[in-house]
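Topology and contacts: notes
What follows is each chain in one-letter form.
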Amino acid sequence: MISRIGVGVMALCLALYIVVVGYRAVLMLGTGEPIAIAIGIALLVMPLIGAWALIREMQFGFAADRLGRTLDAEGGMPEAETELTPSGRIAKADADPMIQRYRAAAEAAPEEWRERFRLGVVQDAAGRRKDARASIREAIRLSRG
């Protein structure tokens, strides 16, 4: 719940930023000066890129949360098989064998989003965020397919 509040606050801050910067951009465009016009255009484009990135992240987060709740309700979330570090991560010595096992399960069922999502959860717990995001993104794609 706290993360959703954080996302909401970020979205509101971005909206406020877009309004303020948009106003400044219009002022810059109205000067008629070539450099001011270029800066005005940049001031219009950059917040839009930021808004696009925030929307994409929110879509990813909501979809991943939905799949996680579904899998948890089915009793299919991976269990902590080993002792975790104080930060909640899988110990490095235990991470590779677990990831390999979940990767093999995901590769054995390439069209099953649950297996790919489990792999992503284990990768995240092992501290491999980039791999985890790719696996969860693939799970989202498979769940829609």
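What comes next is a walk through the structure. (Residues numbered from 1 in each chain as written. Predicted model: local features only at pLDDT ≥ 70, side-chain atom pairs only at ≥ 80, totals over all residues. Heavy atoms only, no water.)

Points about the nonpolar core
If you look at the biggest cluster of nonpolar residues, it comprises 11 residues: Phe60, Ala63, Ala64, Leu67, Leu71, Trp113, Phe117, Ile136, Ala139, Ile140 and Leu142. For this core, the element with the highest residue contribution is helix α2 (residues 34-73), accounting for five residues. Excluding anything up to four places from it in sequence, Ile140 contacts Phe60, Ala63, Ala64 and Leu67. Ranked by size, the runner-up nonpolar core spans nine residues in total, among them Met98, Ala106, Leu119 and Val122. (Core = buried A, V, L, I, M, F, W, Y, C linked by side-chain atoms within 4.5 Å. Buried < 20%, exposed > 50% of the residue type's maximum accessible area, 1.4 Å probe, protein only. Helix = DSSP H or I, 4+ residues; strand = E, 2+ residues; numbered from the N terminus. Contact = heavy atoms within 4.5 Å.)

What to know about the packing of helix α3 (residues 92-108) against helix α4 (residues 113-125)
Across the interface, α3 lies against α4 with an axial gap of 8 Å and an inter-helix angle of 165°. One element, α3, and the other, α4, form an angle in the roughly antiparallel class. The way α3 lies across α4 gives a crossing that is left-handed. Residue-level contacts link Met98, Ile99, Tyr102, Arg103, Ala105 and Ala106 of α3 to Glu115, Arg116, Arg118, Leu119, Val122 and Gln123 of α4. Grouping the amino acids of the contact of α3 with α4 by side-chain chemistry returns seven nonpolar, one polar and four charged. (Axes fitted to C-alpha atoms, helices over the stretch in contact; angles between N-to-C directions. Parallel < 35°, antiparallel > 145°, perpendicular 65-115°, else oblique. Left-handed = near helix turned anticlockwise from the far one by under 90°. Nonpolar A, V, L, I, M, F, W, Y, C, P; charged D, E, K, R; others polar.)

Let's talk about the side chain of Gln123
Locating Gln123 in the fold gives a position in helix α4. Only 2.7 Å separates the side chain of Gln123 from the side chain of Ser135, close enough to count as a polar contact. Those residues in contact with Gln123 that lie beyond four places of it in its chain are Ile99, Arg103, Arg128, Asp131, Ala132 and Ser135. (Polar contact = N/O pair within 3.5 Å; in protein donor to acceptor, adjacent residues only side chain to side chain.)

Some points on the pattern of salt bridges
Under the criterion given, the structure shown has eight salt bridges. With a closest N to O distance of 2.9 Å, Glu112 and Arg114 form a salt bridge. Judged by relative accessible area, which is 25%, Arg114 ranks as partly exposed. Of the charged contacts in the structure, one is a salt bridge between Arg118 and Glu115, with a shortest N-O distance of 3.0 Å. Remark: Glu115 and Arg118 occur in helix α4; sequence separation between them is three residues, near one turn of the helix. Like Arg118, the residue Glu115 is buried in the burial classification. The network of salt bridges with shared partners includes Glu74, Glu112 and Arg114. (Salt bridge = Lys/Arg side-chain N within 4 Å of Asp/Glu carboxyl O.)

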